[in-house]
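Structural features, examined
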Amino acid sequence: MRSIEEAKFKVNSAMEGGFKRLWALCLKILAVPTLPLGLGFTLYGLFEIVTGSAPYSDVDIMPFVVGISFFAFGSLLWVLSEKLEESARLVRYRWQQNRVVRLAQQRGGRLTVTEAAAEVGFAIEEVEEILNHMADGGFVEVEITDSGMMVYRFPEVLHAHEKDRSRGVEDA
């Protein structure tokens, strides 16, 4: 049953991150021509306003208004695409973090960076960043062996058997 849940989690994470990246790409594809088009209309509109004679008619300012609108719309598309890409990166990071925690559970609560990278298939730098971030958050403790090797210790994994004997904070 656990493997089915793991498979569902993996598929959902991949789809969520993949769809976000796909939408971000689509938005950027729309934004790329919209921005220079808006800038061009804006400059043309400004030229028409500066070289025209007062009072200005709607026809004189229309290219300027259209240009500003296109430029604002293109900028909005670009910002939204960046937000979607950041969200997709966060989904990937959480998925990677989950893989490292599951490996720690399998390995008895202690991991090295190289061991984790080899097992889960991520770059050493990615695993190191994940483990250091977890250590900064207090979820993992860093130990050093006599030879200088860094070992990441997962206290909640090591002491999971104590869950049944837990009690309220006031009683501790």
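1. Brief notes about the packing of helix α2 (residues 58-106) against helix α4 (residues 124-136)
- Relative orientation of the contacting elements α2 and α4 amounts to 80°, with a least axis distance of 10 Å. Of the possible angle classes, the one that applies to α2 and α4 is roughly perpendicular. Here Arg-92, Tyr-93, Gln-96, Gln-97, Val-100 and Val-101 of α2 lie close against α4, whose contacting residues are Glu-126, Glu-129, Ile-130, Leu-131, His-133 and Met-134.
- Of the residues in the contact of α2 with α4, the class split is 6 nonpolar, 3 polar and 3 charged.

2. Some points on the pairing of strand β3 (residues 150-153)
- Bridge count between strand β1 (residues 110-111) and β3: 2 bridges; the pairing is antiparallel. Its bridge partner lying in β3, Leu-111 is registered against Tyr-152.
- Two elements, strand β2 (residues 141-144) and β3, share 4 bridges in a ladder whose sense is antiparallel. What sits directly across from Glu-141, in β3, is Arg-153.
- Here β2 folds back onto β3, and the loop between the two strands holds 5 residues, one of which, Gly-148, carries a positive phi near 95°.

3. Considering the confidence of the model for the protein chain
- On average, the protein chain scores 87 in pLDDT, and the residues at 70 or more come to 89%.
- Per-element averaging of pLDDT across the protein chain places helix α1 (residues 2-51) at the bottom with 82 and β3 at the top with 95.

4. Structural notes on the nonpolar core
- With 18 residues, the main nonpolar core has Val-100, Leu-111, Val-127, Leu-131, Tyr-152 and Phe-154 as its most contacted residues.
- When contributions to this core are tallied by element, the ones reaching two or more residues are α2, α3 (113-120) and α4.
- The element contributing the most residues to this core is α2, with 5 residues.
- Once residues lying within four places of it in the same chain are set aside, the contact partners of Phe-154 are Val-100, Val-101, Ala-104, Gly-109, Leu-111, Leu-131, Met-134, Phe-139 and Val-140.

5. A look at the sheet that holds β2
- Taking strand neighbours across the sheet as the criterion, the 3 strands line up as β1-β3-β2 in an open arrangement whose pairing is antiparallel. Two strands in the sheet have a free side with no partner beyond their single neighbour: β1 and β2.

6. Here's the deal with the pattern of salt bridges
- Counted by the stated rule, this structure contains 9 salt bridges.
- Taking the shortest distance from any N to any O, the salt bridge between Lys-28 and Glu-82 comes out at 2.6 Å. Residue Lys-28 is found in helix α1, and its partner Glu-82 is found in helix α2; the two are separated by 54 residues along the sequence.
- Here Arg-89 ties to Glu-86 by a salt bridge, and the two come within 3.1 Å at their closest N and O atoms. Residue Arg-89 and its partner Glu-86 are located together in helix α2, separated by 3 residues, close to a single helical turn.
- Residue classification places Arg-89 among the partly exposed positions, given a relative accessible area of 45%.
- Ionic contacts of the salt-bridge type, sharing partners, join the residues Arg-110, Glu-141, Glu-143 and Arg-153 into one network.

Conventions adopted
Residues numbered from 1 in each chain as written. Predicted model: local features only at pLDDT ≥ 70, side-chain atom pairs only at ≥ 80, totals over all residues. Heavy atoms only, no water. Axes fitted to C-alpha atoms, helices over the stretch in contact; angles between N-to-C directions. Helix = DSSP H or I, 4+ residues; strand = E, 2+ residues; numbered from the N terminus. Parallel < 35°, antiparallel > 145°, perpendicular 65-115°, else oblique. Contact = heavy atoms within 4.5 Å. Nonpolar A, V, L, I, M, F, W, Y, C, P; charged D, E, K, R; others polar. Pairing = 2+ DSSP bridges. pLDDT = per-residue confidence, 0-100. Core = buried A, V, L, I, M, F, W, Y, C linked by side-chain atoms within 4.5 Å. Buried < 20%, exposed > 50% of the residue type's maximum accessible area, 1.4 Å probe, protein only. Salt bridge = Lys/Arg side-chain N within 4 Å of Asp/Glu carboxyl O.

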